[in-house]
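Here is how the chains run, residue by residue.
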Amino acid sequence: MWRSLPRVSPPTDAGAADGGIDGIAGNQVVGAVAGVATKGGNGSLAGYGAMRGYAAIEYIAGKKSLATRFGICDAFDSKDSSLRRRAVQRIAVANHKGGVGKTTTAVCLAAALVERDKRVLLLDLDEQGSASDWLMNQRERAGAELATAILHGTGLSPLVQETGCGVDLIATNELFHAFHVEAQSEPGAEQLLRDAVEALEPRWHYLIFDSPPSLNIATVSALVASDFLLVPVETKFLSLRPLARIFQLFASVQKRLNPELRLAGVLASKVRGGTRHCTEVVERLRKSFGEAVFKTVIRDSIRVGEAPGHGKGVTLYDPGGLGACDYRALAAELEARLAEELPAKARLRKNASIKRAANG
Ligand SMILES: Nc1ncnc2c1ncn2[C@@H]1O[C@H](COP(=O)(O)OP(=O)(O)OP(=O)(O)O)[C@@H](O)[C@H]1O
Ligand SMILES: [Mg+2]
């Protein structure tokens, strides 16, 4: 069963010296990414060292003692209903590797959640504007308006548009490049998106960010503004090694900017059934990331590839097909995971507010 979502920490040099993170020798956690990035490494930090400075991942994988040590509490006093108050769940779909299925997952997952009677807002943070093109003919100035709204705090609400498939959208386009340029001279710019989305009315159950194929300020902002990270991985061998970097960013953001950020999961995408290569890659992912890998995999399907041309998620475009089936399963699995994680997150939030109050 899925356990409390793993908190990820970067390894320390000291840990590397004695063969384990923070002195936890033989930790399978370290092997999680080391194993991926070193082509099946042995879970030791020697393997990690071979990663040419890439971060390893500490993957707690259901070990309660470690989870406690790292401040993740499974137990939660369900009597405290105020802590169960749910805000919008914010999910960053991110992986700096290009073409792995980020946009497809952001759009099709959003549409599948709508089918489950959830209200979903999709915020396109990729200046390629793929999600925006998919769901509507975007406004000419969409990217510039989005950049202004984030940088100058003028509010995201006027940018929300309804789309034909029930998902609400904040669109973008190449003019969003202005955000990258201006953010460079704006201290703390990576926090501005969080401020902007927190100012939105809580009209949605989910806010999903589609991120660009880069570890740029837009991706960092998405992680800072999110409760959860979802990482789609194309099931190809060359997709594995770059994973170390997105998880390094995850660990840094979690440590410095957004302690509440959790891993929703790693999603195997574009899985070609029956090919040995895909099977091996999925196995490798499961070996390395354990239960963090969604049980659902997204199979390669022509219909999924066609859906953008029809302005719909695949669940509407081809309701009875493989892609619809997979994205529905993903939506169900994700909701189940998040429901399990909410108590732990509420506890963290409570601890943080106690700390803030104590510090005056
Ligand atoms: N399950 C699938 N079956 C078939 N084609 C798919 C599937 N998932 C994605 N694709 C196709 O793969 C290509 C890349 O997908 P997508 O645009 O979602 O990736 P991305 O990670 O968002 O790319 P980028 O990094 O450029 O933003 C698209 O042509 C898309 O239609
Ligand atoms: Mg994309």
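As shown above, the structure is provided for reference.
Cut-off values and rules
Residues numbered from 1 in each chain as written. Chains lettered and ligands numbered in written order. Predicted model: local features only at pLDDT ≥ 70, side-chain atom pairs only at ≥ 80, totals over all residues. Near = placed C-beta within 6 Å. Helix = DSSP H or I, 4+ residues; strand = E, 2+ residues; numbered from the N terminus. Pairing = 2+ DSSP bridges. Axes fitted to C-alpha atoms, helices over the stretch in contact; angles between N-to-C directions. Contact = placed C-beta atoms within 7 Å. Parallel < 35°, antiparallel > 145°, perpendicular 65-115°, else oblique. Left-handed = near helix turned anticlockwise from the far one by under 90°. Nonpolar A, V, L, I, M, F, W, Y, C, P; charged D, E, K, R; others polar. Core = buried A, V, L, I, M, F, W, Y, C linked by C-beta atoms within 7 Å. Buried ≥ 20, exposed ≤ 12 C-beta atoms within 10 Å, placed from the backbone.

## Focus on the site of ligand 1
Then comes step 1: Taken together, 19 residues lie around ligand 1, and G98, K102, T103, T104 and P213 are the ones closest in.
Then comes step 2: Put simply, the parts of the chain that give the shell around ligand 1 at least two residues each are α5 (102–115) and α13 (302–306).
Then comes step 3: Per-element accounting of the shell around ligand 1 gives the leading share, three residues, to α5.

## Quick notes on the sheet that holds strand β3 (residues 89–93)
Then comes step 1: The seven strands lie next to each other as β5-β6-β4-β7-β3-β8-β9, forming an open sheet whose pairing is mixed. The sheet is open, and its two edges are formed by β5 (160–162) and β9 (262–269), each paired on a single side. Taken pair by pair, the neighbouring strands of this sheet meet at an average axis angle of 25 degrees, ignoring direction.
Then comes step 2: Two strands pair when backbone bridges link them, and strand β8 (residues 228–234) and β9 are joined in this way by seven bridges, in the parallel orientation. Bridging from a neighbouring strand, V233 pairs with A268 of β9.
Then comes step 3: Across the sheet, α5 touches β3, β4 (120–124), β7 (206–210), β8 and β9, and the angle it forms with β7 is around 165 degrees.

## Structural notes on the packing of helix α10 (residues 217–224) against helix α11 (residues 243–256)
Then comes step 1: In contact at an axis separation of 10 Å, α10 and α11 are set at 50 degrees when each is read in the N-to-C sense. By the angle between their directions, the pair α10 and α11 is classed as oblique. At the point where α10 passes α11, the crossing takes the right-handed sense. Across from V220, L223 and V224 in α10, the residues of α11 making contact are L249, F250 and V253.
Then comes step 2: Residues that form the contact of α10 with α11 fall into these classes: six nonpolar, no polar and no charged.

## Focus on the nonpolar core
Then comes step 1: Membership of the largest hydrophobic core comes to 91 residues, with the highest contact counts inside it found for L109, A110, V120, L122, I208, L223 and L229.
Then comes step 2: A total of nine residues in this core trace back to one element, the largest contributor, which is α5.
Then comes step 3: With residues near it in sequence (within four places) discarded, V120 still touches A110, L113, V114, V167, D168, W204, H205, Y206 and I208.

## Examining the pairing of β7
Then comes step 1: For β7, a buried count of five out of five residues is recorded, marking the element as mostly surrounded by other parts of the structure.
Then comes step 2: Sheet topology places β3 next to β7; five bridges connect them, and they run parallel. What sits directly across from Q89, in β7, is Y206.
Then comes step 3: Note that β4 and β7 share five bridges and pair parallel. Within the sheet, the bridge partner assigned to L121 lies in β7 and is L207.

Purely geometric numbers; function is a separate question.
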